[in-house]
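Observations on chain architecture
So you can see what is in the structure, the chains are spelled out below.
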Amino acid sequence: MMLYVYERKDVIANGNDSVTSTLKKTIDLGITGGSSSHCMIAGNNAFVYASTNVSSGVAAVSKSGYSVQDWSGTPVSTTADDRGYVAFNFNGSFDVVDPNGNGQEDGGGRPLSTSAMAG
């Protein structure tokens, strides 16, 4: 599965907004998808996290250098909050990462979510 990074530019003049988008980068996430798969994506200021329900991992993409880290596990849901924390719920367990991509919490049992920004 690929992630396409675009740069958007707005030029506002005389009450009009002219928008252009340019493809900046194409990134191979190293995860599988397909026509019947479900994609989950969440992010914060430092990372974008992507996975599918048929992949065997989560791709963590650094926004600063576009490097990709692979985390094992197939999440059933992913949520993010306005502080930059991201929660991944797996079958019977969960992981939470902080705004810098560091693991903060993990455990088992009921699913954990962060806030209303769900993916």
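For the structure given in this document, a descriptive report is provided here. (Residues numbered from 1 in each chain as written. Predicted model: local features only at pLDDT ≥ 70, side-chain atom pairs only at ≥ 80, totals over all residues. Heavy atoms only, no water.)

Here we come to the packing of aromatic side chains. All told, the structure shown has 4 aromatic pairs when counted by the stated rule. Relative to Phe88, the ring of Tyr49 lies with its centre 5.3 Å away and its plane at 75°, an arrangement referred to as edge-to-face. With a gap of 39 residues between them, Tyr49 in strand S4 (residues 47–52) and Phe88 in strand S8 (residues 86–90) connect regions that are remote in the sequence. For the pair shown, Tyr49 and Phe88 are each scored as buried. In this structure an aromatic cluster arises from ring pairing among Phe47, Tyr49, Trp71 and Phe88. (Phe/Tyr/Trp six-rings, centres within 6.5 Å; stacked < 30°, edge-to-face > 60°. Helix = DSSP H or I, 4+ residues; strand = E, 2+ residues; numbered from the N terminus. Buried < 20%, exposed > 50% of the residue type's maximum accessible area, 1.4 Å probe, protein only.)

So, about the pairing of strand S2 (residues 16–28). Here strand S1 (residues 2–13) runs beside S2; their pairing, made up of 12 bridges, is antiparallel. Counterpart to Val11 in the pairing with S2 is Ser18. Counted along the chain from S1 to the antiparallel partner S2, the turn is 2 residues long, and its residue Asn14 has a positive phi close to 55°. (Pairing = 2+ DSSP bridges.)

Here the focus is the pattern of salt bridges. Oppositely charged side chains may form a pair once their charged atoms are brought near each other. What the rule picks out here adds up to 2 salt bridges. Arg8 is the partner of Asp10 in a salt bridge, and the nearest nitrogen-oxygen pair spans 2.8 Å. The partly exposed category is assigned to Asp10, whose relative accessible area is 36%. Relative accessible area serves as the criterion here: at 56%, Arg8 is assigned to the exposed category. Ionic pairing is found between Arg83 and Asp81, a salt bridge with its closest N-O pair at 2.5 Å. (Salt bridge = Lys/Arg side-chain N within 4 Å of Asp/Glu carboxyl O.)

Here Ser37 lies in the loop between S2 and strand S3 (39–43). Since its relative accessible area comes to 16%, Ser37 is described here as buried. Here Gly34 takes part through its backbone oxygen, which lies 2.8 Å from a polar atom of the side chain of Ser37. Non-local contacts of Ser37, meaning those with residues more than four positions away in its chain, are made with Thr52, Asn53 and Val54. (Polar contact = N/O pair within 3.5 Å; in protein donor to acceptor, adjacent residues only side chain to side chain. Contact = heavy atoms within 4.5 Å.)

Turning to unusual backbone geometry, a few remarks are in order. With a phi close to 55°, Asn14 is a non-glycine residue in the positive phi region. Note on placement: Asn14 falls in the loop between S1 and S2. Asn14 gets classed as exposed once you look at its relative accessible area, which sits at 79%. Unlike most non-glycine residues, Tyr66 shows phi in positive territory, near 65°. With respect to the element layout, Tyr66 can be found in the loop between strand S5 (57–62) and strand S6 (68–72).

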